[in-house]
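Remarks on the overall topology
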Amino acid sequence: MNVTTFGIMLWVAVIFPLLLAIPALHSRLPWPRYIAIIPAIIVTLLPGEFFLALPWIIFESELAINGEMRWILTMTVMIWLIAATSTAFSKNDISNDRTATTFFLLTLAGNMGTVLANDLVAFFCFSTLMGYGFYGMLIQNSNAETHRAARYYLWCLIAADLLLFEALLLAGFENNGLHFEIVPTTMAEASSSLYLWAVFIGFALKAGIWPAHLWLCTAFKSPNLLPVLLLSGVPVAMALLGAKRWLPFGESAFFDSGILILMLGMVAMLYALLKFATHLSSKLMLLAWITILMTGLFVTALGYGLAYPSEWVRYQHYLQPFIVIFVVCLTTATLIFARSHAVPQISSLELQSKSKLNLNIIKIQHWVNNKYLQLKLSSRTSWVKTAKRYQRILFWQKPFELTIGWSGRITMLVVLGLSLAWLAS
Amino acid sequence: METLTLLALSFDALLNLSLLYLAWILLNCEDLLKAIVLFVAFGLLMALAWVRLDAPDVALAEAAIGAGLTGALLLTALAKLRVIETNKGTTQQLKQDSENFQTLHYMTPLALLLVAIGLGYVVFSMPPISAGLSNDVATNMGNSGVSHSVTAVLLNFRGYDTLLEMFVLLVSLLGVWSFGSTTSQHETTPGPVLDTLTRRLVPVLILVAAYLLWVGAHAPGGAFQAGSVLAAAGVLLLLMGWRPGGYLSTLPFRLILVAGPGLFAITAALLYLLKGQLLAFPVEYAGIIIFALETTATLSIAVILAALFLSEPPHSDKEHI
Amino acid sequence: MYFYALIGVGLFSVGLYALINYAHLLRKILALNVMGSGIFLILIALAKRTGETQPDVVPHAMVITGIVVAVSATALALTLMLKLAAETGRAELSEKDRD
Amino acid sequence: MEVVFKEFPWVAVLILLPLLGGIVCFLFSGIAKFTGLMTVFFTALSVLGLGWQIFDNGVYRHAVGGWGAPLGIDLYADGLSLLMLAATAFVALGVSVYSAGYFERGYSTRFWPIWLFLLGALNALFLTADIFNLYVTLELMGLAAVALAGLAGGKNALTGAMRYLLATLLGSLVYLLGVALLYHGFGTVDITLLAQRAEASPVIWAAFGLIAAGLMLKTALFPLHFWLPPAHGSAPPPVSALLSALVVKASFYILLRLWLEIFGPLVSNTDVSTLFGLLGAAAILWGSVQALRQTRLKLMIAYSTVAQIGYLFLAFPLATAAGVAAWSAAMYLAFSHALAKAAMFLAAGNMLRFGGHDRISDLDRVVQRLPLAAAAFALAGMSIMGLPPSGGFIGKWLMLEVAIKQGRWEIVIVMILGGLLAAAYIFKVLGHTFTQAPSPHESKAVPASMEWSALLLAIAAVLLGFLAIPVLSLLNIGNPFGISEVTP
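The following paragraphs examine the structure supplied in this document. (Residues numbered from 1 in each chain as written. Chains lettered and ligands numbered in written order. Predicted model: local features only at pLDDT ≥ 70, side-chain atom pairs only at ≥ 80, totals over all residues. Heavy atoms only, no water.)

From N to C terminus, chain C includes 3 helices and 0 strands. In chain C, the order of α-helices and β-strands from amino to carboxyl end is α-α-α. Looking at chain C residue by residue over its 99 residues, the buried ones come to 81%. Within chain C, contacts between residues at least 6 apart in sequence are counted, and of these 57% link residues at least 24 apart. Of the roughly 2000 Å² of accessible surface on chain C, a fraction of 54% belongs to carbon and sulfur atoms. (Helix = DSSP H or I, 4+ residues; strand = E, 2+ residues; numbered from the N terminus. Buried < 20%, exposed > 50% of the residue type's maximum accessible area, 1.4 Å probe, protein only. Contact = heavy atoms within 4.5 Å. Areas by Shrake-Rupley, 256 points an atom, 1.4 Å probe, with all protein chains shown as cover.)

As a further point, take the overall build of chain B. Of regular secondary structure, chain B possesses 12 helices and 0 strands. When the helices and strands of chain B are read in sequence order from the N terminus, they spell out α-α-α-α-α-α-α-α-α-α-α-α. Here chain B holds 321 residues, and 53% of them are scored as buried. Look at the contacts in chain B between residues 6 or more apart in sequence, and 73% of them connect residues 24 or more apart. Counting only carbon and sulfur atoms, one obtains 71% of the accessible surface of chain B, whose full area is about 13900 Å².

Moving on: the packing of aromatic side chains. Residues and elements named next belong to chain D. One pass over the full model with this rule turns up 34 aromatic pairs over all chains. Taking the centre distance of 6.5 Å and the plane angle of 90° together, the rings of Phe252 and Phe316 count as edge-to-face. Of this pair, Phe252 sits in helix H11 (residues 237–263) while Phe316 sits in helix H13 (residues 297–319), and the two are 64 residues apart along the sequence. Among the aromatic residues, those joined into a ring-pair cluster are Phe208, Phe252, Trp259, Phe263, Phe276, Phe313, Phe316 and Trp327. Its end group placed over the ring of Tyr107, Arg110 keeps NZ or CZ at 5.1 Å from the ring centre. (Phe/Tyr/Trp six-rings, centres within 6.5 Å; stacked < 30°, edge-to-face > 60°. Lys NZ or Arg CZ within 6 Å of the ring centre and 35° of its normal.)

We now examine the interface of chain C and chain B. Taken together, the contact pairs 73 residues of chain C with 90 residues of chain B. For the pair chain C and chain B, the summed buried area comes to about 7300 Å², and 75% of that belongs to carbon and sulfur atoms. Counting the surface chain C buries against chain B, the share from its top three residues, C:Tyr4, C:Arg27 and C:Arg49, is 10%. At the junction of chain C and chain B, the tally comes to 1 salt bridge. Here chain C is connected to chain B by 11 residue pairs in polar contact (both at pLDDT 80 or more). Ranked by residues supplied to the side of chain C that touches chain B, first place goes to helix H3 (residues 58–88) of chain C with 24 residues. (Buried area = accessible area lost by both parts, 1.4 Å probe. Salt bridge = Lys/Arg side-chain N within 4 Å of Asp/Glu carboxyl O. Polar contact = N/O pair within 3.5 Å; in protein donor to acceptor, adjacent residues only side chain to side chain.)

A few words now on the side chain of B:His148. Following the sequence through the fold, B:His148 ends up in the loop between helix H5 (134–140) and helix H6 (149–157). Beyond its immediate chain neighbours, meaning those up to four positions away, B:His148 contacts B:Asp57, B:Met141, B:Gly216, B:Ala217, B:His218, B:Ala219 and B:Pro220.

What the rule picks out here adds up to 8 salt bridges over all chains. Salt-bridge contacts for A:Lys206 lead to A:Asp161; the nearest nitrogen and oxygen are separated by 3.3 Å. Taken together, the residues span a long stretch of sequence, with A:Lys206 in helix H9 (residues 189–207) and A:Asp161 in helix H8 (residues 144–174) at a distance of 45 residues. Across the pair, A:Asp161 and A:Lys206 agree in class, each one buried. Between B:Arg158 and B:Asp161 there is a salt bridge whose closest N-O contact spans 2.9 Å. Judged by its relative accessible area of 2%, B:Asp161 is buried. Among the charged side chains, a salt-bridge network with shared partners connects B:Arg158, B:Asp161 and D:Asp130.

The subject of this paragraph is unusual backbone geometry. With omega at 0°, the peptide bond leading from D:Phe222 into D:Pro223 counts as cis. Checked against the element boundaries, D:Pro223 lands in the loop between helix H9 (202–219) and helix H10 (228–234). Of note in the backbone geometry, B:Asp54 takes a positive phi value of approximately 60° without being a glycine. Relative to the helices and strands, B:Asp54 is located in the loop between helix H2 (32–52) and helix H3 (56–88). The exposure class assigned to B:Asp54 is partly exposed, which follows from its relative accessible area of 32%.

Turning to a nonpolar patch on the surface, a few remarks are in order. A cluster of nonpolar side chains, contributed by B:Leu251, B:Leu255, D:Val24, D:Phe28, D:Ile31, D:Phe34, D:Met38, D:Phe41, D:Phe42, D:Leu45 and D:Leu48, occupies part of the molecular surface with about 990 Å² of accessible area. Every element with two or more residues in the nonpolar patch is listed here: helix H10 (251–275) of chain B together with helix H3 (32–57) of chain D. Counting residues per element, the nonpolar patch draws most heavily on H3(D), which supplies 6 residues. Secondary-structure assignment places D:Ile31 in the loop between helix H2 (10–27) and H3. Judged by its relative accessible area of 41%, D:Ile31 is partly exposed. (Patch = residues over 30% accessible without salt bridge, like charges linked within 9 Å, V, L, I, M, F, W, Y side chains within 5 Å.)

Here's what the structure looks like:
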């Protein structure tokens, strides 16, 4: 462990892109997107394991790098280099303007921080930064599909952050520190399954694991969004990483929860395979299904590991390479697909060139979709109606808003004063 | 001796009951003009009450500021309001505020009754004898530079309060000015009575103010009372139709406005630098410093109060805007 | 002396009642002034409990401060009321003043 | 040199400089802007000086006029005062730079003197140890605030200001009656002496009822918040920022101070705290829901203030068992809210100036054309929502930690719900800023100083999250929360 010499580099790798994100700074530099990655590259090249404790910052946060994480970091750096290159040569003006660069760099900083974080709080903070930066990237191009995806993503993100925050509180409540080494393993019996599910659902939402895959699919549908497509691998990978690092593996068995999660992963894989069979025409969408398939696989592994801790100890070292390989493959595939294909019109192509079997499956699917969607739509409209009705009937707010005017208010003051004095006695 | 006590007691009772009665009537009577006139009467009765309670300084302040100046302010405001209402064609009537929350009509008096009973009980539960700070005041009078205790408290012991209070006055004037000029000028020619009255009264008032200021060091009186009497002279002049016009925006006039609070603050700062203590008057100079502070304060208070009465922002402000 | 203090409590309550009950702003301003007078009365009446002929003068100074503050506030309130009346034609706080 | 620095009368500068600066602004309207900016700058520096002073020497106490506590007035500064002063200095700097660009000449001459007097009143309020002196500062602050709130003119602003004036006057009067009772009950108006002399009695109970009710009205705690949204929603944006960020907090500070020193140990603590907590919870939910319903940006932010005030009152029930932790959390929230809310109002002011309106649904393309304002709004929103790593996050985190440790799950749920609702109303706005309207509106240029002051305040609100430990240790100078601590 070498703290003094190299530790500061960890900090620089995170802070440097964050500083560059200020438009006034990066607009004055050539190739800001590349420059921002340089400190992270240096970190990957520095030998040995080292860490940096930041006692004055948010509850003794710590950044660290070790052998396993070095792989992840290298992968991340690669992806960002590719992303920077692909945007640099993009003919799309919007993806190169200042705001886009700002969001790019914010997401980058968040990502580096997430990889290097060595405790729950730092991981949480940086993954949140990354999430909102990514939201900004998604929303940059004004396209209806992208907007929809961004909105889904945003809601998933907020819900996920709240859940993870809850988990964080639980962990903080039970432990003296929030380092990855101690937290997951020292959870008490009573709250550990609560913690487990909060963490799992939180990261499932962030990673777009089935059935929360909506944002992922919609993002893949949007046309000519090369950088965004590329980078959708990043939040997914980081969420998987988070699930791996936050969950209590290999210590105590969570048989029921583990089996449940395992089943969920299986269903997700089946779903993805089904989709795979029916959407052969749209090559780009294939990637989405591949992603869902792989995340399903990952979830299956997680469930397995939770249910059988001894097995986990044997296989756990494969999980990190899995993430790395998965993301690298995804990135490469996206690049190839995006370069070689114009974006196809999915709906018009869908019903042509299909085998009988496929057609039947598609019909069933459409039927389900219609039912489901209609149900959803009708329930949504009725919900909106009810809400509107409540908005119109203001009677329930009368006592508290301006409508009763002065007299009621001051009477309330008098009553409050009286009750305070009475309670005080 | 006993008859005297009885007489005093019955006087007190009468005064008290009429105070409460006046307050009730003035707040509930139909006509606003009547309400304001009653308010002035109420203020004068209050002044009487202060005298009965051995608080002549407060009585002077109440008569001059509480009843006199506030009354004048209210009356002018009402006159202007009437003009606005005539112009806009709206009428005012005695209206209750709580039309759409009828249940409160029963709750409010009940709650208030509880408040009154509770407070009354608290007042009675106070110990019958409590020296307060009177002993501290008496001990330190020798070092205060003045021989009148209220002035000593106001300008020396709790001079910091007074310093801030001067700024309250100034802020309210700035606030009044910041809202811009109010409606059309509503000029009336003064009647002959007012005219003569003013000619006679203004010099007298100035003299009274000077006397009050001077006497403040050892007897009831002082900056606030003198300032408000001086302001009354200004108000009379304003009622006469005299308008300061461009004067208000000139630097000397502004200097007079801020002289009181400004000198007070500067003195505080200087004393801190010299003696290491905020507002610590050196004992030998305390009398002189207090007199100087009071004199400037009197001028500023008078001008601020009169300007509040005029309530028009200085003309050149409009040119700025 | 308690009698004066009690009347002070009465004035406070009466003023509060009028403040709550009437819509006209001028009346509300009057009510605030009456409430203030009630508080001053309590302050000064209780200051006579020194057991000597000379009352405690600190409350007197406080009340003089209070009177000056009250007149400042009244002046500001009256101006504001007139400006409001010039805008809306009424010296009342309308209930639906939000758009 | 260092001795001079340590002995320098920073407190006197903090109080007198703004007052004298205000006078100079009033006398020479030509240099009002310059004088104002300089005054605010040096006042902020003095906070730094005072901070150093009390960090080294501990609590600062100064007898004005040399008379000492019962007779004279004492000035007092500990960590709590310092924190409020620091918040004031930060917000004052941001708002002043902003105002220099915002107010045109005519308004500028009206704005600066009143604003400097308001600043002086705030500083004096945080530095005094005398409850009658507090009344005078409250009045000075209230009248200055009302004058500023009505500065914009027009029906809405005047109505808001009038409502505000009546509320603030009533609040001060009720407070004054409480002070009168305390003085006559215990023969002093000095907080420390009162704390020593006071004992549980009808006087204390009545005084507490009066003082708490008056200050709750001034703090706009639900259900007494009725005056806040119209006043804060219709004032000029920099004034709204001052009112929401500082003026409301000042009365909360007094309530907290008196509760800690005088009332807390004497009144039936649990009952009163429960009531405060209930009202706080109601304020969070009610304010957030109302904020979500608003169609105007500034009104939305004003309702958000109503909600955020609720969090401060949640500390009361928590503090009965965990004094220092709960109060530190509340003050941290107050500090970060001051910065974030000021930034938010300023950013809203930029959008208002840019588009000429503040309808949330029509905030088209703000991101493209006003990126700094959008960024400021988003960063401030982060702190309001309590997202990491902002200051709001730390405050909420500390408070949640206390709540969980005590098993107060109802408070945890309310806080999480409040955060969710805050996220909803802030993202509602952010979502609209990205959209593209079919027909672009007329737009007006926004000076860079206005954009940057908003952004820097927002960044400060976020950076505050990184400074938890130093801020908390500064806050505990003089152990302001010590008295209320009950051993668990």
